[in-house]
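As a plain string of letters, each chain reads:
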Amino acid sequence: MSLTIKKSDQLKAKPDEHHLGFGSHFTDHMFNMDYDPDKGWHNPRIEPYAPIVMDPATMVLHYGQGVFEGLKAYRTENGGVQLFRPRENIKRMNRSANRLCIPEVEEDGFLEALKQLISIEKEWVPHAPETSLYIRPTIIATDPFLGVRASHTYRLFVILSPVGAYYPEGFNPIKIWVTRDYVRAVRGGVGEAKTPGNYAASLLAGNKAHLEGYTQVLWLDGVEQKYLEEVGSMNIFFVIDSEIVTPMLNGSILPGVTRDSVIKLAEHWNMKITERLISIDELIEAHGSGKLTEIFGSGTAAVISPVGEIKYGDRVYTLGEGRVGLLAQKFYAALTDIQYGRAADPMGWIEPIL
Ligand SMILES: *Cc1c(COP(=O)(O)O)cnc(C)c1O
């Protein structure tokens, strides 16, 4: 992919690394590339970060034909910058694209483009502990047309956002709320694609959880409302009787890169880990018999999110007496040590940039 590069002549002031928050600061440049049926994906370019001006009839605004990704660039102790399993994100972006009738992107060329963009923005990769540069590739349908069909033209863009430690007050267990009124996704739907509509669909349940004093929604499957699927926009793990259990990928669960990394690390350590159906009834029973020892979520943003309390119906179930579980702690440390280059990378997950 031969890229055109246009540098910004007005660089922004960098935000305070100790108060970055998540997703509210953006760097000086972005990547853009266009698709039309004649030229395919063309005109890859890095240019100043700028608004996208579009026709009000632009299809993504009306029919939601779009996909996105989320990954991070990490600053290592010796000042380098590296990515964690970026090809997994590009492959997943292409799988999401397929589901939404969006043309795929060539993996090697796009990875090169990501690396170039991050190299140009290297000063934006923060140095403070547990901070990183969040990378958001997005593809949107751009035909100005009202009528339901796949668009003929698309824009792919990548923006970058320096983000803070996910747990500024420390790594504390969250409280989650099981909803019986709403579902996130159904098998055969778009739950396994990273597409904006899934997140819009989750907002109302999220608001209700917050009103009840809970941080995230624990989603049950959309067909029987019986099997556990995800927590908020994270995958979920349970430790029952010394076995680590995570819901099997059934078509409505988003296949997380962090989820896959937890599974592979557990296997590498010869721990017992199983991907299978797990029902809310089994979970409640395991809690009752004292066999449920931990629950944690996994995702790029938070890495690992320990769970300390679940509300299901009128009952509240607590876990771990407010402390982070041993396995949640172990996976968090192992993953972040690899990501920040503090530990060896036995799995070959690191893609150095600088
Ligand atoms: C992105 C996402 C995840 C986590 O995926 P990672 O690749 O680990 O970041 C899990 N569930 C949903 C719904 C997601 O959107």
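Refer to the structure presented above.
Residues numbered from 1 in each chain as written. Predicted model: local features only at pLDDT ≥ 70, side-chain atom pairs only at ≥ 80, totals over all residues. Heavy atoms only, no water.

Q: An account of the overall build of the protein chain is needed here, citing residue identities and associated values.
A: When helices and strands are counted, the protein chain shows seven helices and 18 strands. Taken over the C-alpha trace, the protein chain has a radius of gyration of 21 Å; the compact-globule value for 354 residues is 20 Å, and the two agree within 12%. Dimensions of the protein chain, computed from the C-alpha atoms along their principal axes, are close to 60 × 55 × 35 Å. A buried classification covers 54% of the 354 residues belonging to the protein chain. Summarising the internal contacts of the protein chain: among those between residues at least 6 apart in sequence, 71% fall at separations of at least 24. Here the protein chain displays about 16,100 Å² of accessible surface, and carbon together with sulfur accounts for 51% of that area. Averaging the positions of the 36 positive and the 44 negative side-chain charges in the protein chain gives two centres separated by 1 Å. (Helix = DSSP H or I, 4+ residues; strand = E, 2+ residues; numbered from the N terminus. Rg over C-alpha atoms; globule rule 2.2 N^0.38 Å. Buried < 20%, exposed > 50% of the residue type's maximum accessible area, 1.4 Å probe, protein only. Contact = heavy atoms within 4.5 Å. Areas by Shrake-Rupley, 256 points an atom, 1.4 Å probe, with all protein chains shown as cover. Lys, Arg positive; Asp, Glu negative; His and termini not counted. Charge placed at Lys NZ, Arg CZ, Asp CG, Glu CD.)

Q: I'd love a proper account of the side chain of Asn94, names of residues and values included.
A: Turning to its location among the elements, Asn94 is positioned in helix α2 (residues 86-99). Look past the residues within four positions of Asn94 in its chain and what remains in contact with it is Glu104 and Val105.

Q: Can you explain the site of the ligand? Please cite residues and give values.
A: Near the ligand, the surroundings consist of 14 residues, among which Lys194, Tyr199, Glu230, Thr258 and Thr300 are the closest. Here an oxygen atom of the ligand sits 2.7 Å away from a polar atom, N or O, in the side chain of Lys194. Within the contact set of the ligand, an oxygen atom lies 2.3 Å away from a side-chain nitrogen or oxygen of Tyr199. Summarising the interface, the protein chains cover 95% of the accessible area of the ligand, which totals 380 Å² for the free molecule. (Near = heavy atom within 4 Å. Polar contact = N/O pair within 3.5 Å; in protein donor to acceptor, adjacent residues only side chain to side chain.)

Q: Before we move on, could you go through the pattern of salt bridges and cite the residues and values that matter?
A: Inspection of every chain in the model, using the stated rule, returns 18 salt bridges. Two residues, Arg85 and Asp260, come together in a salt bridge whose shortest N-O distance is 2.9 Å. Of this pair, Arg85 sits in the loop between β6 (81-84) and α2 while Asp260 sits in helix α5 (residues 257-268); the two residues are 175 residues apart in sequence, bridging distant segments of the chain. When its relative accessible area of 10% is taken as the criterion, Arg85 is described as buried. One salt-bridge network, held together by shared partners, links Asp34, Arg45, Glu47 and Arg155. (Salt bridge = Lys/Arg side-chain N within 4 Å of Asp/Glu carboxyl O.)

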